Amino acid sequence: MKKIINDPNQVVQDMVDGLVAAFPETLKQVPDTFVVARADSAVTGKVALVSGGGSGHEPAHAGYIGKGMLDAAVCGEVFTSPTPDQVFEAIKAVDSGEGVFLVIKNYTGDVLNFEMAAELAEAEGIKVANVIVNDDVAVEDSSFTTGRRGIAGTVFVHKIAGAKAEVGGTLDEVKGVAEKVVANVRSMGMALTPCTVPAAGEPSFTLAENEMEIGMGIHGEPGINRGSIASADEIADTLMGKILEDYDFSGEVAVLVNGLGSTPEMELYILNKKVQDILADRGIKVYKTFVGEYMTSLEMAGCSVSLLKLDDELKELLNAESLAPAFRM
Amino acid sequence: MELHARDMVNWFELANEKIKQNKSYLTSLDQPIGDGDHGINMARGYQEAVNRLLAKEYSEPSEVLKDASMALLSKVGGASGPLYGTAFLKMAMAVKGKDYLDLESLSVGVKAALDGLKQRGKSETGEKTMIDVWSPVATYFSNPSSFHSNGLVETARTAMEKTKDTMATKGRASYFKEKSIGHIDPGSASSCYIFEALAEVIGEKE
Ligand SMILES: Nc1ncnc2c1ncn2[C@@H]1O[C@H](COP(=O)(O)OP(=O)(O)OP(=O)(O)O)[C@@H](O)[C@H]1O
Ligand SMILES: [Mg+2]
């Protein structure tokens, strides 16, 4: 393992310290927790947004804290969901009395820990609501099982629900628009190399030099299939094929081409070229494109593509101002 | 057979020992069908539970269970943190006010924990989760006249082994669908250690 760290068991602590030190005027750490919050929280008169999950997906989620997006993010251990007491601290730190909205990615751990925190908050009289993001089309959509994972599409939920809260949306309205994003967003990823959780010291799986895995999750969970490495155009075809087959995107969309940690932007742009061509061929209009690292998986090489189908409301909220360091608009 | 507060503390100490000894094994079970953190999560949480329990004096079993539950909730993380936290909290609530636990009150406690797990995990037996161990164990407890600590160990081990044959429909392992068959569920293995530890505590009193 070759990493710029001090102690594999202290990485979350050290990262949070360094992050807050980088943005002292906009971020603060809730004392004795791994909760990062807007420096000016609780923001009076505004519904607050809390997200979080395992660490290792930076800039998700703490990079999305700022005016127009999240009020707080809870940083769990690497790839492990944060505990209810930590989420509860986040809720308490940002609640202004208007209620707190939780953005949860659909992993059993995240769902259970956030739900328990919500129960603790409700017991103290804090209004809470949530949305569960499940955009990964690589996993079968089923109500009998755990169902689809939440991946990079979550960033659109943060952006749009955050904008809604910023313009004075009520807790119900924020929930409404967040659910609309979840209903209209789909993603799929692929990986070229694994990643190493610092405390584990070894990669969680292996991929041969000439192999890639399609449909890989952001913690190295398995994909749909493992095959020989293909060209950027073929990869775009595969990911887009699955996404477009899953949902009717005719109309206008936002595109998010996301790097998983060690994929050069050059490669992301090469992939994006084909993504745009595929959309043009289908007559789908692209309203806005984002290319870069939005939800990573430590140093994994690979990418994901997300599409969000837009209407006027979503367009306006997507375009609204955001001062979050990782999503300035 | 009477389990007092100090026996309950002893239960968590023994469970902690077993989890610590089998930390890498638990993690290795979580690697093929999960994210390889179960042993790390459980070891972190049980150590914290034992630290907290040893730092305090207890007069009631339910107080021990409640503090253990809170420690697990705040230290395990992942899916198993809230699940074990809920299980022991429900158990604590079900036996609240008792000076000691006999087989009957243990049975009530284990049943309450099982119901808590099902509710929290929105799952049933047969989904390849720790519920597959807790459920037959609760049934085994429900007949105190034929109860023996060896039988408890056997029930838990058999149930844990059986998770090998089932396909996961809940938790991370569900992403693997059919490929989850042939692997023991990590949460069932850790639950098995917990009941082996309980059997040891009960066994000393039989
Ligand atoms: N819905 C559920 N109901 C009951 N038990 C469950 C459920 N989901 C998972 N489990 C149990 O939890 C165990 C996994 O716990 P673990 O601590 O590894 O959490 P995790 O799924 O890796 O969490 P995270 O995704 O946050 O890392 C499984 O082996 C299973 O026994
Ligand atoms: Mg796990």
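Residues numbered from 1 in each chain as written. Chains lettered and ligands numbered in written order. Predicted model: local features only at pLDDT ≥ 70, side-chain atom pairs only at ≥ 80, totals over all residues. Heavy atoms only, no water.

Engineer: Please explain the overall build of chain B as it appears in this structure.
Structural biologist: Secondary structure assignment for chain B yields 9 helices and 0 strands. Counting helices and strands in the order they occur from the N terminus, chain B gives α-α-α-α-α-α-α-α-α. Compactness check: chain B gives a C-alpha radius of gyration of 16 Å against a globular reference of 17 Å for 206 residues, within 12% of the reference. Summarising its shape, the C-alpha atoms of chain B cover approximately 45 × 35 × 30 Å along the three principal directions. Excluding contacts between residues fewer than 6 apart, the proportion of contacts in chain B whose partners are at least 24 apart in sequence is 69%. Approximately 8,200 Å² of chain B is accessible, and the part contributed by carbon and sulfur atoms is 49%. Placing the 25 positive and 28 negative side-chain charges of chain B at their respective mean positions leaves the two points 7 Å apart. (Helix = DSSP H or I, 4+ residues; strand = E, 2+ residues; numbered from the N terminus. Rg over C-alpha atoms; globule rule 2.2 N^0.38 Å. Contact = heavy atoms within 4.5 Å. Areas by Shrake-Rupley, 256 points an atom, 1.4 Å probe, with all protein chains shown as cover. Lys, Arg positive; Asp, Glu negative; His and termini not counted. Charge placed at Lys NZ, Arg CZ, Asp CG, Glu CD.)

Engineer: Honestly, the overall build of chain A in this entry has me stumped. Any pointers?
Structural biologist: In terms of helices and strands, chain A carries 8 helices and 12 strands. The C-alpha radius of gyration of chain A comes to 19 Å, within 12% of the 20 Å expected for a compact globule of 329 residues. Residue pairs at least 24 apart in sequence account for 73% of intrachain contacts in chain A once pairs closer than 6 positions are excluded. Carbon and sulfur atoms make up 49% of the accessible area of chain A, which totals about 12,400 Å².

Engineer: Honestly, the sheet that holds strand E12 (residues 302-310) of chain A in this entry has me stumped. Any pointers?
Structural biologist: Backbone hydrogen bonds are what pair the strands of a sheet, in a parallel or an antiparallel way. Residue and element names in this part refer to chain A. Pairing in this open sheet of 6 strands is mixed, and the strands run E9-E8-E7-E12-E10-E11 from one edge to the other. The open sheet has two edge strands with one neighbour each: strand E9 (225-228) and strand E11 (285-292). Strand-to-strand, the axes of this sheet are offset by a mean angle of 20°, without reference to chain direction. The sheet contact formed by strand E10 (residues 252-259) and E11 spans 7 bridges and is parallel. Residue pairing in the sheet places Ala 254 in a bridge with Lys 288 of E11. Across the sheet, helix H6 (residues 232-246) lies against strand E7 (185-191), strand E8 (211-214) and E12, angled at about 150° from E7, the strand it touches most. Across the sheet, helix H8 (residues 312-319) lies against E10, E11 and E12, angled at about 35° from E11, the strand it touches most. (Pairing = 2+ DSSP bridges. Axes fitted to C-alpha atoms, helices over the stretch in contact; angles between N-to-C directions.)

Engineer: Please clarify how the interface of chain B and chain A should be interpreted in this entry.
Structural biologist: At the interface, 26 residues of chain B touch 27 residues of chain A. For the chain B and chain A pair, buried surface summed over both sides reaches about 2,000 Å², with 57% attributable to carbon and sulfur atoms. Its largest share of buried area at the contact with chain A, chain B owes to Arg120(B), Arg172(B) and Tyr175(B), together 32% of the area lost on that side. The interface formed by chain B and chain A includes 3 salt bridges. Linking Glu140(A) and Lys177(B) is a salt bridge whose minimum nitrogen-to-oxygen distance equals 3.0 Å. Where chain B touches chain A, the interface holds 10 residue pairs in polar contact (both at pLDDT 80 or more). Those elements that place two or more of their residues in the side of chain B that touches chain A are helix H3 (38-54), helix H4 (61-75), helix H5 (80-94) and helix H6 (103-121) of chain B. When grouped by side-chain class, the residues that make up the side of chain B that touches chain A number 7 nonpolar, 9 polar and 10 charged. (Buried area = accessible area lost by both parts, 1.4 Å probe. Salt bridge = Lys/Arg side-chain N within 4 Å of Asp/Glu carboxyl O. Polar contact = N/O pair within 3.5 Å; in protein donor to acceptor, adjacent residues only side chain to side chain. Nonpolar A, V, L, I, M, F, W, Y, C, P; charged D, E, K, R; others polar.)

Engineer: What's the story with the coordination of the magnesium ion (ligand 2) in this structure? I'm lost.
Structural biologist: Around the magnesium ion (ligand 2), the donor atoms from the protein are Asp30(B) (OD), Asp35(B) (OD) and Asp37(B) (OD), and they sit 2.1 to 2.3 Å away. Site description for the magnesium ion (ligand 2): donor spacing in sequence, D-x4-D-x1-D. (Donors = N, O, S within 2.8 Å, 3.2 Å for Na, K, Ca; no water.)

Engineer: Explanation requested: the site of ligand 1 in the structure shown.
Structural biologist: With respect to spatial proximity, 25 residues lie near ligand 1, and among them Asp35(B), Ser80(B), Ser123(B), Arg172(B) and Asp185(B) are the closest. Bordering ligand 1 are residues originating from chains A and B. Between a nitrogen atom of ligand 1 and a main-chain N or O atom of Gly121(B), the distance comes to 2.9 Å. In this structure, an oxygen atom belonging to ligand 1 sits 3.0 Å away from a main-chain N or O atom of Met130(B). Here ligand 1 loses 96% of its free accessible area of 640 Å² to cover by the protein chains. For the shell around ligand 1, the elements supplying multiple residues, two or more each, are helix H3 (108-123) of chain A together with H3, H5 and helix H9 (186-203) of chain B. By residue class, the composition of the shell around ligand 1 is 6 nonpolar, 13 polar and 6 charged. (Near = heavy atom within 4 Å.)

Engineer: Can you help me understand the pattern of salt bridges in this one?
Structural biologist: Should their charged atoms come close, side chains of opposite charge can pair. All names here are of chain A. Summed over all chains, the structure comprises 32 salt bridges over all chains. The residue Lys 285 makes a salt bridge to Glu 252 at a minimum N-O spacing of 3.6 Å. Of the two residues, Lys 285 sits in strand E11 while Glu 252 sits in strand E10, which places them 33 residues apart along the sequence. Classification of Lys 285 by relative accessible area gives exposed; the value is 52%. (Buried < 20%, exposed > 50% of the residue type's maximum accessible area, 1.4 Å probe, protein only.)

Engineer: Would you take a moment to explain the environment of Asp67(B) for this structure?
Structural biologist: All names here are of chain B. Mapped onto the secondary structure, Asp 67 falls in helix H4. Residue Asp 67 is classed as buried on the basis of its relative accessible area of 15%. Sequence separation between Asp 67 and Arg 52 is 15 residues; the distance between their C-alpha atoms is 7.5 Å. The contacts of Asp 67, once residues within four sequence positions are left out, are Leu 53, Lys 56 and Tyr 58. A polar side-chain atom of Asp 67 sits 2.8 Å from a polar atom in the side chain of Lys 56.

Engineer: Looking at this structure, how should I read the environment of Gly126(B)?
Structural biologist: All names here are of chain B. Within the secondary structure, Gly 126 sits in the loop between H6 and helix H7 (131-141). On the basis of relative accessibility, which here comes to 41%, the residue Gly 126 falls in the partly exposed class. As for Gly 126 and Thr 163, which are separated by 37 residues in sequence, their C-alpha atoms are 8.0 Å apart. For Gly 126, the contacting residues outside a window of four places in its chain are Asp 132 and Met 167.

Engineer: Which parts of the structure should I look at to understand the confidence of the model for chain B?
Structural biologist: Any region with low pLDDT has predicted coordinates that should not be read closely. Residue-level pLDDT values for chain B average 96, and 100% of them are 70 or greater. For this predicted complex, the interface score ipTM comes out at 0.87, alongside a pTM of 0.93. (pLDDT = per-residue confidence, 0-100.)

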